[in-house]
Amino acid sequence: MTSSGIETAELDWESVDGIDIPISRQFGDVYFSKANGLLETRHVFLNGNDLSTRLSQLQPFQYFCVGETGFGTGLNILTLWQLWQQVRPANHSHLHAISVEKYPLSKTDLIRALNAWPELKPLADQLIAQYPLPIAGCHRLSFPEERFSLDLWLGDAHDVFPMIEKTKAVDAWFLDGFAPSCNPELWEEQVLNHIVRLSDIGTTFASFSVAGVLKRGLKKHGITISRPKGFGHKREMLKAIWQQTEEKTESSAIDQPTEAFKPQNIAVIGAGIAGLSVAWTLAQRGHHITIYEQKHPLSGGSGNPLALLNPKLCPIEQAHEHLMTLTWQYALNFYPKFEAFRAIQVNQIAQKNPQDLLDLAEQYPVGLLQTQTPEQNQIATTLSSLKLTQAGAVSPHQLRDQILKHPNIDLKVGKITQLIETDSMVQLMQDQDVLAEADQVVVCCAKASSDLFDQYPVLKPIRGQVSWLNNSEHPLAQDQAYSYGGYCMQLDAEHLILGASFYPNREDEDVLLEDHVHNFDLIHSVYPTYAQHLPDPAFWQGRASIRAQTADYFPLLGQVQENSRIFTFAGLGSKGFLFAPLCSEILAALMLYEACPVPASLLQKLNPRRFFKKVKTKKPYFNA
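The protein chain is annotated in an unreviewed UniProt entry as tRNA 5-methylaminomethyl-2-thiouridine biosynthesis bifunctional protein MnmC of Acinetobacter ursingii ANC 3649. The record held by UniProt for the protein chain lists under Subcellular location (unreviewed entry) the comment "Cytoplasm". In its Catalytic activity (unreviewed entry) section, UniProt records this for the protein chain: "5-aminomethyl-2-thiouridine(34) in tRNA + S-adenosyl-L-methionine = 5-methylaminomethyl-2-thiouridine(34) in tRNA + S-adenosyl-L-homocysteine + H(+)".

Draft legend 1. The overall build of the protein chain, seen in detail. The secondary structure content of the protein chain amounts to 16 helices and 30 strands. Computed over its C-alpha atoms, the radius of gyration of the protein chain comes to 26 Å, within 12% of the 25 Å expected for a compact globule of 624 residues. Principal axes of the C-alpha set define a box for the protein chain whose edges measure 80 × 65 × 65 Å. Expressed as a percentage of the 624 residues in the protein chain, the buried residues total 57%. Counted over contacts in the protein chain with a minimum sequence separation of 6, partners at least 24 positions apart contribute 72%. Total accessible area computed for the protein chain in this model is approximately 26,900 Å², and 49% of it derives from carbon and sulfur atoms. Taking the average place of the 52 positive charges on the side chains of the protein chain and the average place of its 66 negative ones, the gap between the two points comes to 5 Å.

Draft legend 2. Representation of the domain arrangement of the protein chain within the structure. What the domain assignment reports for the protein chain is domain 1 (37-240), domain 2 (261-299 + 397-457 + 551-604) and domain 3 (342-392 + 459-547). Between the C-alpha centres of domain 1 and domain 3 the distance comes to 44 Å.

Draft legend 3. Looking closely at the nonpolar core. Core analysis: the largest hydrophobic core is formed by 84 residues, its most contacted members being Tyr335, Tyr364, Val442 and Phe569. Per-element accounting of this core gives the leading share, 12 residues, to helix 15 (residues 576-592). In this structure, this core is formed jointly by two domains, domain 2 (261-299 + 397-457 + 551-604) and domain 3 (342-392 + 459-547), each of which donates at least three residues. Ignoring any residue separated from it by four or fewer positions in sequence, one finds Phe569 in contact with Ala274, Val278, Val442, Val443, Cys444, Pro555, Leu556, Leu557, Ala580, Cys583, Ser584 and Leu587.

Draft legend 4. Broad picture of the packing of helix 10 (residues 323-334) against helix 15. Contact geometry for helix 10 and helix 15: axes closest at 7 Å, N-to-C directions at 90°. Of the possible angle classes, the one that applies to helix 10 and helix 15 is roughly perpendicular. Residues Leu323, Met324, Leu326, Thr327, Trp328, Tyr330, Ala331 and Phe334 of helix 10 form the contact with helix 15, whose participating residues are Leu578, Phe579, Pro581, Leu582, Cys583 and Glu585.

Draft legend 5. How the structure looks around the environment of Val278. Positionally, Val278 belongs in helix 9 (residues 273-283). The exposure class of Val278 is buried, given its relative accessible area of 1%. With 247 residues separating them along the chain, Val278 and Tyr31 place their C-alpha atoms 39 Å apart. Excluding its chain neighbours within four sequence positions, the residues that come into contact with Val278 are Val268, Val442, Phe569, Ser584 and Leu587.

Draft legend 6. Structural detail: the pattern of salt bridges. Taken as a whole and judged by the stated rule, the model has 22 salt bridges. Between Glu146 and Arg88 there is a salt bridge, and its shortest N-O distance comes to 3.0 Å. Of this pair, Glu146 sits in the loop between strand 6 (137-143) and strand 7 (148-154) while Arg88 sits in the loop between helix 3 (75-87) and strand 5 (94-101), and the two are 58 residues apart along the sequence. Residue classification places Glu146 among the buried positions, given a relative accessible area of 13%. Among the residues examined, Arg88 registers a relative accessible area of 27% and is labelled partly exposed. The salt bridge partner of Glu236 is Arg227, with a shortest N-O separation of 3.8 Å. Residue class for Arg227 comes out partly exposed when judged on its relative accessible area of 47%. Linked by salt bridges that have partners in common, Arg140, Asp151, Arg285, Glu585 and Glu594 make up one network.

Draft legend 7. Quick peek at the sheet that holds strand 7. If you trace the 8 strands from one edge of the open sheet to the other, you get 6-7-5-4-8-9-11-10, paired in mixed fashion. The sheet terminates laterally at strand 6 and strand 10 (224-226), the two strands that pair on one side only. Neighbour-to-neighbour, the strand axes of the sheet open up by a mean angle of 20°, direction not taken into account. Two strands pair when backbone bridges link them, and strand 4 (residues 63-68) and strand 5 are joined in this way by 6 bridges, in the parallel orientation. Bridging from a neighbouring strand, Val66 pairs with Ala97 of strand 5. Those strands touched by helix 1 (residues 37-46) are strand 8 (172-174) and strand 9 (204-207), and its axis lies near 145° from that of strand 9.

Draft legend 8. View of the packing of aromatic side chains. Enumeration over the complete set of coordinates arrives at 15 aromatic pairs. Ring centres of Phe161 and Trp173 lie 5.8 Å apart, and the angle between their planes is 65°; on these two criteria the pair is classed as edge-to-face. Taken together, the positions of Phe161 in helix 6 (residues 157-163) and Trp173 in strand 8 put the pair 12 residues apart, joining distant regions of the chain. Residue Phe161 shares its accessibility class with Trp173, and that shared class is buried. With a centroid separation of 5.3 Å and an interplanar angle of 50°, the aromatic rings of Phe334 and Phe338 are classed as tilted. In this pair, the class of Phe334 matches that of Phe338, namely buried. Linked through ring pairs, Trp280, Tyr330, Phe334, Tyr335 and Phe338 together constitute an aromatic cluster. Above the ring of Trp13, the side-chain terminus of Arg112 is found at 4.0 Å from the ring centroid. In this structure, Arg506 is placed above the aromatic ring of Tyr503, and the distance from its NZ or CZ to the ring centre is 4.8 Å.

Draft legend 9. Inspection of the pairing of strand 4 at higher detail. Taken across its 6 residues, strand 4 has 6 buried, putting it largely inside the fold. Neither face of strand 4 is left uncovered, since the one carrying Tyr63, Cys65 and Gly67 and the one carrying Phe64, Val66 and Glu68 both have all their residues buried. Note that strand 4 and strand 8 share 3 bridges and pair parallel. Its bridge partner lying in strand 8, Gly67 is registered against Trp173.

How each quantity is defined
Residues numbered from 1 in each chain as written. Predicted model: local features only at pLDDT ≥ 70, side-chain atom pairs only at ≥ 80, totals over all residues. Heavy atoms only, no water. UniProt positions renumbered as here; feature names shortened; annotations may be inferred. Helix = DSSP H or I, 4+ residues; strand = E, 2+ residues; numbered from the N terminus. Rg over C-alpha atoms; globule rule 2.2 N^0.38 Å. Buried < 20%, exposed > 50% of the residue type's maximum accessible area, 1.4 Å probe, protein only. Contact = heavy atoms within 4.5 Å. Areas by Shrake-Rupley, 256 points an atom, 1.4 Å probe, with all protein chains shown as cover. Lys, Arg positive; Asp, Glu negative; His and termini not counted. Charge placed at Lys NZ, Arg CZ, Asp CG, Glu CD. Domains from an automatic or database assignment. Core = buried A, V, L, I, M, F, W, Y, C linked by side-chain atoms within 4.5 Å. Axes fitted to C-alpha atoms, helices over the stretch in contact; angles between N-to-C directions. Parallel < 35°, antiparallel > 145°, perpendicular 65-115°, else oblique. Salt bridge = Lys/Arg side-chain N within 4 Å of Asp/Glu carboxyl O. Pairing = 2+ DSSP bridges. Phe/Tyr/Trp six-rings, centres within 6.5 Å; stacked < 30°, edge-to-face > 60°. Lys NZ or Arg CZ within 6 Å of the ring centre and 35° of its normal.

Laid out in structure tokens, this is it:
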């Protein structure tokens, strides 16, 4: 991304027959037809891609992907969703949409624009509830009860399309956006080349525009174009298909096995937050998941009494590919569906490079971050802070219980000692016995993951201890957390939880007084007056556990060996609850051939094989 941030759309409004029509000041064009935008969408994009027939004929577990070049008011996507409700087969097929928008409407303007279409209101309300902040990057909106999802990429199409990883070809394109005369950048050759890159044989294209630049850009790739009657007074529109021909060589087809269209039996080894999140994500798609855990769920680093979603946000120009920023946004859509979540604000003390932290408030959307002087802090301190107004806390054990109630998830206690992969399945061994067979396996065993692979990246153990104590006489606000190198917040009405000690290369798990003292010293260094009211650390309770960390601090996510049925998700460090939901969506994309919700550059940083040295073939030496 080249811009420092995302600008929202600047609009004028024109009333036509009682309907407010938004007009873009940036492009000087209307967002939808003054005649009837809804009917035009159906004529051009739905009928132009033959979607009524194609969607109604999807096979069980088939995943159909629609791409769009300009999200605008969301009218096309909502109309597509409405059609999906009408024609979708009663199976586990899924409709996914990918849309790009350079100037997203503010939520207020979006609500006003969509009021023009009362019949779409039930769907519009669901879209608006998940509508993202104007921050660059991919925002995944999931509607599992509808078997529908949307990746809304905010940014210039010129920047966005090159960064989309092709884990699933787009089946149909809505080539929308303002007219080429108003927005020529959207229709330039480089953008069209990437649209074709993300497509495949059988992909269809539809547009209201028959501009020469569009026709030439598609024909160059051998795509067959026709020009049927346009909507209303428009003489023609564009309809195109990428057909198979003998000489066609440009297709970068994805080798998708036929078993992708059937319910899969997937084994997840490990029941920490990584394993639980992966199990939930795959089970939501209709697959049967068996979790294997050698002790009990949350027995490792994920089993603390409370988890804080506390991202360290990056400068805004890096947000589109910054793992912590992306996972935080998705987590705030994911966890509220569970009773284990409570919304919270985090007061991040500005310690190292304080001005860099405080400057973020001016970069992000208004109201998200607030600078606070020492006097504005709710607990007495001499340091300034940055308040993150949208964060959360998760009760791990409550989350575990709800996940394990999913009808597609089974839990089995037992240690898997070996995985044997064949062409058609993976055998899960317990010593010399075949315990089970699975179509695919995900290993989520933190540092112990390496026991199941011949080659695996090194994970460093880190001992951490959290402490909790009775603070009923001096409780903090339930909706506030404090981050200062350590962190503290109310565990419940009567107890404060503090964390956490950090000792690399230690694997002892006894609760130690010295770690309680460490946690006390952390809070005392920032909030000395409040710390003096706390009971003696000798009376505190605690829990110590071991986290696993990679050398570059990014998790391991994907196949350890190429073209394998065995995947891994490990090395989450101290950010497991923050990383796990979005990383599970990425893993589902890799396993089930779905669209990937992060840019290719970030996907490469998560690939477990990044630590393996590539073997260079030596060139033969010839004597002169």
